Amino acid sequence: MDTLDKITKPEIGRYNDDDFDIEATGQLEAKAEEVVEDVKDAARKINWWQVAGYVAAGAAAAGAVAAYLAYREQQKKPASRLERLRDQLGLSDVDFRHLRSTYNRVDFDKLNQTRRDLAKVAKKTTHTGALKVAEWTR
(Lines give C-alpha, C1' and ligand atoms only; values in the text may rest on other atoms or scores of the structure.)
Protein backbone atom coordinates (compact mmCIF):
# COMPACT_ATOMS: atom_id res chain seq x y z
CA MET A 1 0.00 0.00 0.00
CA ASP A 2 2.99 2.28 0.19
CA THR A 3 3.05 2.58 -3.58
CA LEU A 4 -0.17 4.59 -3.76
CA ASP A 5 0.10 8.31 -4.26
CA LYS A 6 -1.06 10.42 -1.44
CA ILE A 7 -4.26 12.32 -2.01
CA THR A 8 -3.63 15.99 -1.73
CA LYS A 9 -6.31 18.42 -0.74
CA PRO A 10 -6.79 21.09 -3.42
CA GLU A 11 -6.15 24.58 -2.25
CA ILE A 12 -9.16 26.85 -2.31
CA GLY A 13 -8.55 30.53 -2.89
CA ARG A 14 -9.47 32.76 -0.03
CA TYR A 15 -12.34 35.12 -0.45
CA ASN A 16 -12.28 38.72 0.47
CA ASP A 17 -14.87 39.92 2.97
CA ASP A 18 -15.13 43.19 1.05
CA ASP A 19 -16.65 41.36 -1.91
CA PHE A 20 -19.62 40.36 0.21
CA ASP A 21 -20.23 43.64 1.98
CA ILE A 22 -23.93 43.53 2.83
CA GLU A 23 -23.94 47.03 4.26
CA ALA A 24 -23.21 48.55 0.84
CA THR A 25 -26.82 48.18 -0.36
CA GLY A 26 -26.73 51.46 -2.25
CA GLN A 27 -24.01 50.12 -4.51
CA LEU A 28 -25.94 46.89 -4.98
CA GLU A 29 -29.09 48.73 -6.03
CA ALA A 30 -27.12 50.94 -8.40
CA LYS A 31 -25.49 47.86 -9.95
CA ALA A 32 -28.92 46.18 -10.31
CA GLU A 33 -30.36 49.28 -12.00
CA GLU A 34 -27.39 49.38 -14.35
CA VAL A 35 -27.93 45.73 -15.34
CA VAL A 36 -31.65 46.37 -15.89
CA GLU A 37 -30.85 49.34 -18.13
CA ASP A 38 -28.38 47.24 -20.13
CA VAL A 39 -31.04 44.58 -20.68
CA LYS A 40 -33.58 47.19 -21.77
CA ASP A 41 -31.08 48.70 -24.21
CA ALA A 42 -30.37 45.26 -25.68
CA ALA A 43 -34.11 44.56 -26.03
CA ARG A 44 -34.61 47.88 -27.81
CA LYS A 45 -31.85 47.05 -30.27
CA ILE A 46 -33.66 43.88 -31.43
CA ASN A 47 -35.72 44.59 -34.51
CA TRP A 48 -38.75 42.41 -33.83
CA TRP A 49 -40.14 43.01 -37.32
CA GLN A 50 -36.96 41.56 -38.73
CA VAL A 51 -37.21 38.53 -36.42
CA ALA A 52 -40.83 38.02 -37.49
CA GLY A 53 -39.74 38.27 -41.12
CA TYR A 54 -37.11 35.58 -40.64
CA VAL A 55 -39.63 33.32 -38.92
CA ALA A 56 -42.14 33.86 -41.74
CA ALA A 57 -39.48 33.18 -44.38
CA GLY A 58 -38.47 29.96 -42.61
CA ALA A 59 -42.08 28.83 -42.36
CA ALA A 60 -42.63 29.61 -46.05
CA ALA A 61 -39.53 27.64 -47.04
CA ALA A 62 -40.62 24.65 -44.93
CA GLY A 63 -44.11 24.84 -46.46
CA ALA A 64 -42.67 24.96 -49.96
CA VAL A 65 -40.53 21.89 -49.32
CA ALA A 66 -43.50 20.00 -47.86
CA ALA A 67 -45.70 20.98 -50.82
CA TYR A 68 -43.02 19.88 -53.31
CA LEU A 69 -42.63 16.50 -51.58
CA ALA A 70 -46.40 15.99 -51.56
CA TYR A 71 -46.53 16.90 -55.27
CA ARG A 72 -43.77 14.43 -56.12
CA GLU A 73 -45.54 11.69 -54.13
CA GLN A 74 -48.81 12.43 -55.93
CA GLN A 75 -47.07 12.15 -59.31
CA LYS A 76 -46.03 8.58 -58.53
CA LYS A 77 -49.65 7.44 -58.21
CA PRO A 78 -51.52 6.38 -61.37
CA ALA A 79 -53.98 9.10 -62.31
CA SER A 80 -56.53 7.29 -64.46
CA ARG A 81 -58.21 3.89 -64.47
CA LEU A 82 -56.20 2.86 -67.49
CA GLU A 83 -52.93 3.72 -65.77
CA ARG A 84 -53.99 1.81 -62.65
CA LEU A 85 -54.87 -1.21 -64.79
CA ARG A 86 -51.54 -1.00 -66.60
CA ASP A 87 -49.82 -0.84 -63.21
CA GLN A 88 -51.72 -3.91 -61.94
CA LEU A 89 -50.93 -5.86 -65.10
CA GLY A 90 -47.24 -4.99 -64.86
CA LEU A 91 -47.28 -2.87 -68.00
CA SER A 92 -46.59 0.48 -66.37
CA ASP A 93 -42.96 0.41 -67.56
CA VAL A 94 -43.98 -0.20 -71.17
CA ASP A 95 -44.04 2.83 -73.44
CA PHE A 96 -46.69 2.04 -76.04
CA ARG A 97 -45.54 4.87 -78.30
CA HIS A 98 -42.22 3.13 -78.85
CA LEU A 99 -43.27 -0.46 -78.36
CA ARG A 100 -40.38 -1.95 -80.30
CA SER A 101 -37.81 -0.44 -77.94
CA THR A 102 -39.67 -1.37 -74.76
CA TYR A 103 -40.97 -4.88 -75.36
CA ASN A 104 -38.00 -6.32 -73.46
CA ARG A 105 -39.26 -4.71 -70.26
CA VAL A 106 -42.54 -6.65 -70.23
CA ASP A 107 -42.70 -9.39 -67.61
CA PHE A 108 -44.53 -12.03 -69.63
CA ASP A 109 -44.65 -14.49 -66.74
CA LYS A 110 -46.49 -12.00 -64.57
CA LEU A 111 -48.73 -11.06 -67.49
CA ASN A 112 -49.63 -14.70 -68.14
CA GLN A 113 -50.29 -15.34 -64.44
CA THR A 114 -52.58 -12.31 -64.31
CA ARG A 115 -54.39 -13.54 -67.42
CA ARG A 116 -54.87 -16.96 -65.81
CA ASP A 117 -56.19 -15.40 -62.61
CA LEU A 118 -58.64 -13.27 -64.58
CA ALA A 119 -59.80 -16.33 -66.53
CA LYS A 120 -60.43 -18.23 -63.27
CA VAL A 121 -62.45 -15.37 -61.85
CA ALA A 122 -64.45 -15.06 -65.08
CA LYS A 123 -65.25 -18.82 -65.08
CA LYS A 124 -66.35 -18.72 -61.44
CA THR A 125 -68.50 -15.67 -62.07
CA THR A 126 -70.08 -17.25 -65.15
CA HIS A 127 -70.79 -20.47 -63.27
CA THR A 128 -72.31 -18.57 -60.32
CA GLY A 129 -74.43 -16.52 -62.71
CA ALA A 130 -75.63 -19.66 -64.52
CA LEU A 131 -76.61 -21.25 -61.21
CA LYS A 132 -78.60 -18.15 -60.26
CA VAL A 133 -80.40 -18.13 -63.61
CA ALA A 134 -81.22 -21.82 -63.22
CA GLU A 135 -82.49 -21.25 -59.71
CA TRP A 136 -84.68 -18.34 -60.78
CA THR A 137 -86.19 -20.20 -63.70
CA ARG A 138 -87.31 -23.28 -61.71
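Reading the values: rules and limits
Residues numbered from 1 in each chain as written. Predicted model: local features only at pLDDT ≥ 70, side-chain atom pairs only at ≥ 80, totals over all residues. Heavy atoms only, no water. Helix = DSSP H or I, 4+ residues; strand = E, 2+ residues; numbered from the N terminus. Buried < 20%, exposed > 50% of the residue type's maximum accessible area, 1.4 Å probe, protein only. pLDDT = per-residue confidence, 0-100. Patch = residues over 30% accessible without salt bridge, like charges linked within 9 Å, V, L, I, M, F, W, Y side chains within 5 Å. Areas by Shrake-Rupley, 256 points an atom, 1.4 Å probe, with all protein chains shown as cover. Salt bridge = Lys/Arg side-chain N within 4 Å of Asp/Glu carboxyl O. Lys, Arg positive; Asp, Glu negative; His and termini not counted. Charge placed at Lys NZ, Arg CZ, Asp CG, Glu CD.

> Before we move on, can you summarise the overall build of the protein with the specific residues and values?
Helix and strand counts for the protein come out as five helices and zero strands. Listed N to C, the secondary structure of the protein is α-α-α-α-α in terms of helices and strands. For the protein, the residues scored as buried account for 6% of the 138 residues in total.

> I'd like to hear about the confidence of the model for the protein, residue by residue, with values.
Counting all residues, the mean pLDDT for the protein is 78, and 71% of those residues have values of 70 or more. Confidence, expressed as mean pLDDT per element, reaches its minimum in the protein at helix α4 (residues 99-102) with 61 and its maximum at helix α2 (residues 48-76) with 90.

> Please provide a residue-by-residue account of a positive patch on the surface, values included.
On the surface, Arg-115, Arg-116, Lys-120 and Lys-124 cluster together to form a positively charged patch. Here Lys-120 shows up in helix α5 (residues 108-136).

> Describe a negative patch on the surface, and please don't skip the residues or the numbers.
A cluster of acidic residues, Glu-29, Glu-33, Glu-34, Glu-37 and Asp-38, forms a negative patch on the protein surface. When you line up the elements, Glu-34 lands in helix α1 (residues 25-45). Judged by relative accessible area, which is 45%, Glu-34 ranks as partly exposed.

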